[in-house]
Each structure stands twice: as C-alpha cells, then as structure tokens.
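Given next are the chains, with one letter for each unit.
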Amino acid sequence: MNIVVCVKQTPDTAATVSVEDGVVSWGDSPLVLNPWDEYAVEEALRIREAHSGQVTALSLGPEAAMEALKLALAMGCEQAILINDPALEDADPLVVSKVLAAAINKIGEVDLVLFGRGSVDNDTGITGPQVARRLNWPVLSLVADITSLDPEGRTIAVERMLDEGRQLVRGPLPAVVSVVKGINEPRYPSFMGIRKASRSEIPIWSTADIGLDEVPTPAMTWPEIFAPTKVETECEMIEGETPEEVAARLADRLIEEKVI
Amino acid sequence: MANKIFVYIDHFGGQVLPASWEAVGVARSLADQLSSGVTAVVLGHEVEGIANQSIEYGADQVLLGDDPELKDYRPELFAGTLSHLAAEAQVLILPTTSRTRELAGMVAVDLETGMAPDVISFEIDGDAVLATRPIYAGKLLTKVVCREKRPQIITLQTRAFPKPEPESDRSGEVVRVEVVIGEIVTEVTGYKPSEAGVSLADAAIIVSGGRGVSNNPKLTPPNEITDEKEQEIWRSQQGFALVRDLAETLGAAMGASRAAVDAGYIPYAHQVGQTGKVVSPDLYVACGISGAIQHLAGMRTSKMIVAINRDSEAPIFKLARFGVAGDLFDIVPALTQALKERLGK
Ligand SMILES: Cc1cc2nc3c(=O)[nH]c(=O)nc-3n(C[C@H](O)[C@H](O)[C@H](O)COP(=O)(O)OP(=O)(O)OC[C@H]3O[C@@H](n4cnc5c(N)ncnc54)[C@H](O)[C@@H]3O)c2cc1C
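Everything numeric in this text was worked out from a predicted model, so none of it was measured.

Further remarks concern the overall build of chain A. The helix and strand inventory of chain A stands at six helices and 15 strands. With respect to the principal axes defined by its C-alpha atoms, chain A has extents near 70 × 45 × 40 Å. For chain A, buried positions account for 54% of its 260 residues. For chain A, the exposed surface amounts to about 11,700 Å²; the carbon and sulfur share of it is 49%. Positive and negative side-chain charges in chain A, numbering 22 and 42 respectively, have mean positions lying 7 Å apart.

Right under this line is the structure:
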C-alpha cells in the first residue's frame, strides 16, 4: 500500500488566540500537529503495518510546519514532504485542494490518501473531499472504522459516522478517507523515532515542482478577522438548605426564563 | 424573475433535517433582498413529499431529482447532480450536516468557486454575500466573501438562523430533473443506528455529563466487580443514569465531555467540543464538567448554560447563567423531580 497522509500544523487547542491588525496570533503557545491528523497518521501506520508498503506525510504550509511533519516521521511515517511557496500565502480551500491533488499525482501510484476530519484552525472540514474530487477518486469521509481493506482486490469498506448513525460503505481503491476521533488511539513517537526524524531531510516542493505552472487564484477572500463580542454573563448561583430546595429554585428560574 | 437563490434540502430516512428549513428561510430572505426567487433542490428516492414541503417553507420552485440510485446519499452522485443543477445559481445555500459539508465542498470544486461552511450570519455587499463564520473553535470570527466566481456557496451553522413557519397555501412549481449518474463507484451496504440516539446539533436542550458523573464515593459497586476501572465505569453508569433521567424529563439530547468519553463512560457520538460536536441549543446543562477551553469550543454559543459542579471555582461558571455549586448526585435527581412536578410529568 502506498499511503499518503495529509497533515497540517495548527496552534495548540488550549491557546489564547487573538487578532491584531488582521493578523492572528496565538502568543507563545506551541504549534502542534492538528489533533484530527494524529488519528489519520495513526491509521496510515496501522494499515502499513497490516499490509506493508509506505506512508508519506504531506503538508502544505510555512517552513515551521516541518515540525508537524517531523512528528509524523517520529510516529513512523517513512517520508515527509513540505509544499511551501510564497505564492500560496493567500490560498483558499480551492487552491489548497488543487495543490495537494497535484502533489499526490506527483508522488504517483498512491493507493490511499488519509485526512483528519478537519483542522482546528480554519476548520472547514472540506479539504479531503475537495482533494478527492480533484483526483476524481471516491471520498469516504468521517470514517470511524475501516472494516476491511483488500489491496489486491482493490477495495475498501468503512463505517462513516453520520449524525444519524453509521453508514456502511464499500468502494474501490484508490480512495480518499477522512477520519474522526475514535477510529484509533494515536501512538506517541518512540525515542528512536524522534531521533530518526530529527536527522531526516524533508524535501520542500514549490508549485512548479508539482507541475503547477500557474498558481491558481483563490476564489475566497477574508476581508476581516475579529474577536467575537464578549457576552458578559453574570452567573446567578442558586443556593438553598437542601438539594431539594436548590432544585426547586433552579426549576422555577428555568421556567421563568421560558427556556423549558 | 429567475430563481437564482438555490437551497439544498438535506434529509435522512424520509425526514428533512430542521436545519434544511432554516436554510430555506435564509434563502427566502436573501432572494427577497436581491429581487430573485428561491429554487430548492431535492435529491433522493421517493422524496416528492419533501419537494412539496419545500414550497410550504418558502421555495418558489423545486428541482426534484428522484431516482432509485439516489436512495442512499453518496457524495459523488449527489455532488455531480447538484453541480449540474446549480451551475447557473447566484448563491447556493446548504445546511451544515454530516452530508452537506462535503457536498458543498465538492460542488465548489466542480464549479471552481468559493465555499464557506458554518456560516452564522451574513450581510449583502453589492451582489456578494459577506458571510461570518467561526475560526479557531469560535475564539475568532472571520468575514469571508467570494467576489467573482458564481455561485457563492455557503453552509449555515445549525440553529444559527430561525426556522420559518410552513404556510400550506404557498404555491410553487415542482420540476422533475434528470439525475447525473456518472460512474458510480461506491456502494452503501447498510446502516447502524446512532449511539447518541438523537442528533445533538438539532437539539433545543442538551444535558451533558463529564468526568464528575463517576465521582460518588458513597456508591459501592457490587462485589463481583473487583477491577478498579470497571468499578469506575459502574459508578459512571449510575451517574449517567441520573443525567439521562434529567435529559428525558426535559426532552433533551444527552452530551458528554471528552474526559467522560475517553474514560469509556459513554460513546464518542455524544462528545461535545472541539473534537466532538459543535452545538448551540437554547439550554445546555453541564453536570460535572469543568469547562475546559476545548469543551467550551463546542457549546459556548448555547443561549443559556446551567452548570452543576462541586467546585464553585470551576471555569464553566464563567459562562453559565445559572450555577449550582454542589454534588451532582444530590442536585441532578432533585432537579429531575422538581421539573417533573412543574412540567406535569
Ligand atoms: C486536542 C484536544 C481536543 C479536545 N477536545 C475536547 C472536546 O471536544 N470536548 C471536551 O469536552 N474536551 C476536549 N478536550 C479535553 C479537555 O481539555 C478537558 O480535558 C475535558 O473537557 C475535561 O472534561 P471534564 O470537564 O468532564 O473533566 P474534568 O476537567 O476532570 O472536570 C470534572 C469536573 O467535575 C466536577 N465534579 C467532580 N465530581 C463531581 C460531583 N460529584 N458533582 C459535581 N461535580 C463534580 C469537578 O469539580 C470538575 O470540575 C480536548 C483536549 C485536547 C488536548
């Protein structure tokens, strides 16, 4: 199995994020591998362990995103590639999907591409499906379980987590899969893995390297980024001598507020 | 007047998701402002009733793709057909559901246009829709716009817009359309019901439990349970039973924190937060949940938050309208009882 796992570097989910002059800042909070992508990397590694082959971690991002790729390497990916091009600074999802699809084509002979469900920064959740569309491969999104995978028969069967329950789907390879939490428990990188990753050279591809002569123009722009207005809620603490008294007061207040 | 404001109606098992009607309401007001009309797109099998309902909710015209091949949602098939139908639209509006997010993204690729998911509000700027959506788990908001390409595609966050009232005397036209079958590559082999029972996103009231639901030292597990982890799970089941009683009394859906999910108290389908569901109910009751930033990311836009927590310093109280600093094992059953009396149950 030749597997590509697309990953992104994001600020830590605990970061305090602010905006100044239209620029987003997360102070000195660390940058991490997008938490959803950890599941994708883990799943890629498990598939490789079961069926042999290799796993390539692919990221489009600034040079700092090398760190996220190094974590993927430390977890056990065979190779990593960073796509970095100043021309991609304003990339919107349409551009990102075009670039990633071109890179996957350039890697060549790929059987399976894995994504996390979304990223914790922009959180559009459409990168995987859009890349699939560009490649003209089937997309199996929100996958909570890969129930069977047959590299020779070229088929994959999954359980997708919809709001209404699980949808069981079978499709051909190559395919694009996006995964949700619960599909696995991501491993921690081993000491050996970290050592190996720190020594590895991660190639940087430009848009020209992946055969895009012209950088596509984004369709979307974001004229404004701002902090939401803080709603000051004064918490009314409900007290009483006994739980029953507290409960009665709270129930009365909820009914007065017409929320129930 | 061309009906250039398109709205996609998402449904499952013959039922339209309420978020779809919210989307029709938005399409209606947008069409009125832009002097256009509303075209609803209904794709599926044996869904004519849904087409008629769409008119009652505000569509002027319905494009109905009814085909046995569309019995199950499959992204390639639905995207192919929707792209074909919506190519001439000015705006394409969808609810945000586990089907439509990707659907909108794929149509955007087909039509080489922009797409903004999870939109919570918008304004009209010329003939463009300037949409506001949360980023960084709602810590920031961004305005996004697609100036040149058409259609502009947006998906609306569930419960961010009001659901219109249906009017049975509204009239409109249902047009049957050809479905673009293309090469069908995937096959739906079955379904398993949701572990969460109901959809959290649509729920008007959610009662959630956190790690605190297993924390009642007064409860003694049966003798045959000797393993410490199993004792904890047993305790959590007692706690969640109380949470469930409260939820049922309120007609609410049941949510959970990640700590409760990861500890094995309750399936992941219930998880609220950054790596779970993002919800926005009228009332959110947090029982034994501390209020970590990643949990708040999933429920901070709830209209009213009630927190029940032993620790009066817990961060959840900062967001709560009402708080009880107390033991959930005392407060939750008492609250269920008090509500039952008042609601006549
Ligand atoms: C990448 C990432 C993603 C995450 N995503 C999510 C997410 O999607 N959703 C999520 O919820 N978390 C998420 N988290 C985890 C989050 O950081 C917290 O660990 C988690 O929310 C804590 O859950 P909790 O409040 O139930 O547990 P705790 O923080 O342990 O809080 C338990 C609370 O229960 C109270 N309590 C204990 N016993 C009782 C009792 N008998 N009666 C009343 N109160 C009691 C305590 O005072 C305490 O406040 C994420 C973390 C990371 C790093």
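The strand order across the open sheet built from six strands is β15(A)-β18(B)-β17(B)-β16(B)-β14(B)-β15(B), with neighbouring strands paired in parallel fashion. At either end of the open sheet lies a strand with only one pairing partner, and these are β15 (236-237) of chain A together with β15 (253-256) of chain B. Of the strand pairs in this sheet, strand β17 (residues 304-309) of chain B and strand β18 (residues 322-325) of chain B are connected by four bridges, and their pairing is parallel. If you follow A307 of chain B over to β18 of chain B, its bridge partner there is G323 of chain B. Helix-sheet contacts for helix α5 (residues 228-250) of chain B involve β14 (205-209), β15 and β16 (283-287) of chain B, and the interaxial angle to β14 of chain B is about 175°. Here helix α8 (residues 328-343) of chain B sits on the sheet and contacts β16, β17 and β18 of chain B; the angle it forms with β17 of chain B, its principal contact strand, is near 135°.

Glancing now at unusual backbone geometry. Here the bond from L173 of chain A into P174 of chain A is cis, since omega is 0°, no more than 30 degrees from zero. Along the chain, P174 of chain A falls in the loop between β11 (165-172) and β12 (175-179). Following R150 of chain B, the chain continues to P151 of chain B via a peptide bond in cis, the omega torsion being -5°. In this structure, E46 of chain B takes a positive phi of about 60° despite not being glycine.

Close inspection of predicted coordinates is inappropriate in any region flagged by low pLDDT. Mean pLDDT over chain B works out to 96, with 100% of the residues at or above the 70 mark. Predicted as a complex, the structure gets a pTM of 0.96 and an ipTM equal to 0.97.

Taken together, the 79 residues of chain A in the interface contact 89 residues of chain B. Both faces combined, the contact of chain A with chain B buries some 7,200 Å², and carbon together with sulfur accounts for 61% of it. Area buried by chain A at its contact with chain B is led by R133, D163 and K181 of chain A, which between them contribute 11% of it. Counting across the chain A and chain B interface gives 12 salt bridges. Residues D110 of chain B and R133 of chain A are paired through a salt bridge, measuring 2.8 Å at the closest nitrogen-oxygen approach. On the surface where chain A and chain B come into contact, there are 34 residue pairs in polar contact (both at pLDDT 80 or more).

Looking now at the site of the ligand. In the neighbourhood of the ligand, 28 residues make up the surrounding shell, with R211, S257, T275, S290 and Q294 of chain B lying closest. The ligand sits at the junction of chains A and B, each of which supplies nearby residues. S290 of chain B is positioned such that a nitrogen or oxygen atom in its side chain is 2.7 Å from an oxygen atom of the ligand. Interatomic distance of 2.7 Å between a side-chain N/O atom of H295 of chain B and an oxygen atom of the ligand. When residues of the shell around the ligand are traced back to their parent elements, those giving at least two are α6 (258-262), α7 (293-299) and α8 of chain B. Residues of the shell around the ligand, tallied by class, amount to seven nonpolar, 16 polar and five charged.

Per the counting criterion, the structure on display carries five aromatic pairs over all chains. Aromatic pair W26 of chain A and Y136 of chain B: ring centres 6.4 Å apart, planes at 35°, arrangement tilted. In this pair, W26 of chain A is assigned in the loop between β4 (23-25) and β5 (31-33) and Y136 of chain B in the loop between β9 (128-135) and β10 (140-146), connecting two distinct chains. When the ring of F12 of chain B is compared with that of Y191 of chain B, the centres are 5.5 Å apart and the planes differ by 80°; the resulting orientation is edge-to-face. A residue pair is termed long-range when its members are at least 10 positions apart, and F12 of chain B in strand β2 (residues 11-12) and Y191 of chain B in strand β13 (residues 187-193) qualify at 179 residues. It is R321 of chain B that lies over the ring of F322 of chain B; its NZ or CZ is 4.6 Å from the centre.

Moving on to the pairing of strand β1 (residues 5-8) of chain B. Residue and element names in this part refer to chain B. Of the two faces of β1, the one carrying I5 and V7 and the one carrying F6 and Y8 are both buried. Of the pairings in the sheet, the one linking β1 to strand β4 (residues 38-44) comprises four bridges and is parallel in character. From the neighbouring strand, V7 faces β4, where its bridge partner is A40.

Moving on, we get to the packing of helix α3 (residues 75-86) of chain B against helix α4 (residues 100-110) of chain B. Residue and element names in this part refer to chain B. Where α3 contacts α4, the axes come no closer than 9 Å and their chain directions differ by 55°. Our classification of the angle between α3 and α4 gives oblique. In this structure, α3 meets α4 at a crossing whose hand is right-handed. Where α3 approaches α4, its residues P75, E76, F78, A79, G80, L82 and S83 are matched on the opposing element by E102, L103, M106, V107 and D110. Split by residue class, the contact of α3 with α4 holds seven nonpolar, two polar and three charged.

Here the focus is the side chain of Q9 of chain A. All names here are of chain A. Relative to the elements of secondary structure, Q9 occurs in strand β2 (residues 9-11). Here Q9 falls in the buried class, since its relative accessible area comes to 14%. A polar side-chain atom of Q9 sits 3.1 Å from the main-chain carbonyl oxygen of A64. There is a polar contact of 3.4 Å between the side chain of Q9 and the backbone nitrogen of A65. Ignoring sequence-local partners within four residues, the contact set of Q9 consists of L31, V32, A64, A65, E67, A68 and D121.

Take the pattern of salt bridges next. Residue and element names in this part refer to chain B. Under the counting rule described, the total for this entry stands at 41 salt bridges over all chains. Here D60 ties to R28 by a salt bridge, and the two come within 3.0 Å at their closest N and O atoms. Taken together, the residues D60 in the loop between α2 (48-57) and β5 (61-66) and R28 in helix α1 (residues 18-33) connect sequence positions 32 residues apart. Overall, the relative accessible area of 22% leaves D60 in the partly exposed class.

What counts and how
Residues numbered from 1 in each chain as written. Chains lettered and ligands numbered in written order. Predicted model: local features only at pLDDT ≥ 70, side-chain atom pairs only at ≥ 80, totals over all residues. Heavy atoms only, no water. Helix = DSSP H or I, 4+ residues; strand = E, 2+ residues; numbered from the N terminus. Buried < 20%, exposed > 50% of the residue type's maximum accessible area, 1.4 Å probe, protein only. Areas by Shrake-Rupley, 256 points an atom, 1.4 Å probe, with all protein chains shown as cover. Lys, Arg positive; Asp, Glu negative; His and termini not counted. Charge placed at Lys NZ, Arg CZ, Asp CG, Glu CD. Pairing = 2+ DSSP bridges. Contact = heavy atoms within 4.5 Å. Axes fitted to C-alpha atoms, helices over the stretch in contact; angles between N-to-C directions. pLDDT = per-residue confidence, 0-100. Buried area = accessible area lost by both parts, 1.4 Å probe. Salt bridge = Lys/Arg side-chain N within 4 Å of Asp/Glu carboxyl O. Polar contact = N/O pair within 3.5 Å; in protein donor to acceptor, adjacent residues only side chain to side chain. Near = heavy atom within 4 Å. Nonpolar A, V, L, I, M, F, W, Y, C, P; charged D, E, K, R; others polar. Phe/Tyr/Trp six-rings, centres within 6.5 Å; stacked < 30°, edge-to-face > 60°. Lys NZ or Arg CZ within 6 Å of the ring centre and 35° of its normal. Parallel < 35°, antiparallel > 145°, perpendicular 65-115°, else oblique. Left-handed = near helix turned anticlockwise from the far one by under 90°.

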